[in-house]
Amino acid sequence: MPILASSMNASGIGVYLNAMLLRKCVVISETPGASDILTSQALFVPPENPDALARMIQKAWQDDELRDTTA
């Protein structure tokens, strides 16, 4: 769930909470309200960094244990 640095607010909280409820692995931008509340429940990437986002998605896709423990 990429979030723009200019809109770092809780607008996406429902999206990632629903994904967590469905036991999905959440990849999210590291923002206040996410990284200070969630720890091992999500995989974080810097905001507005598409390369880091792509690497984290690939890492989660290839690592079943990481994906399962995060979900």
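The coordinates are above.
Residues numbered from 1 in each chain as written. Predicted model: local features only at pLDDT ≥ 70, side-chain atom pairs only at ≥ 80, totals over all residues. Heavy atoms only, no water.

Participant: Talk me through the side chain of Thr70; I want residue IDs and the actual numbers.
Facilitator: Mapped onto the fold, Thr70 is located in helix 3 (residues 64-70). Given the relative accessible area of 7%, Thr70 is considered buried. In terms of polar contacts, Thr70 uses its side chain to reach the backbone carbonyl oxygen of Leu66, at 2.7 Å. The contacts of Thr70, once residues within four sequence positions are left out, are Cys25, Val26, Ser40, Gln41, Ala42 and Leu43. (Helix = DSSP H or I, 4+ residues; strand = E, 2+ residues; numbered from the N terminus. Buried < 20%, exposed > 50% of the residue type's maximum accessible area, 1.4 Å probe, protein only. Polar contact = N/O pair within 3.5 Å; in protein donor to acceptor, adjacent residues only side chain to side chain. Contact = heavy atoms within 4.5 Å.)

Participant: Hey, could you go over unusual backbone geometry for me, with residue numbers and the actual values?
Facilitator: The backbone of Arg23 shows a phi angle near 60°, a positive value even though the residue is not glycine. Tracing the backbone through its elements, the reader meets Arg23 in the loop between helix 1 (13-21) and strand 1 (27-29). Residue Arg23 is classed as exposed on the basis of its relative accessible area, which comes to 57%. Phi is positive for Glu48, which is not a glycine, with a value near 55°. Here Glu48 lies in the loop between strand 2 (43-45) and helix 2 (50-62).

Participant: Could you give an account of the nonpolar core, with specific residues and numbers?
Facilitator: The biggest cluster of nonpolar side chains holds eight residues, and these are Val27, Leu43, Val45, Ala52, Leu53, Met56, Ala60 and Leu66. Sorting the residues of this core by element identifies strand 2 and helix 2 as the ones contributing at least two each. Per element, the largest residue contribution to this core is four residues, and it comes from helix 2. Within the second largest apolar cluster, six residues are counted, among which are Tyr16, Val26, Ile28 and Ala42. (Core = buried A, V, L, I, M, F, W, Y, C linked by side-chain atoms within 4.5 Å.)

Participant: Provide a residue-level description of the pattern of salt bridges, including the pertinent values.
Facilitator: Applying the stated criterion across every chain yields a total of one salt bridge. Where Asp64 meets Arg67, a salt bridge forms, and the shortest distance between an N and an O atom there is 2.4 Å. Remark: Arg67 and Asp64 occur in helix 3; sequence separation between them is three residues, near one turn of the helix. Here Arg67 falls in the partly exposed class, since its relative accessible area comes to 26%. (Salt bridge = Lys/Arg side-chain N within 4 Å of Asp/Glu carboxyl O.)

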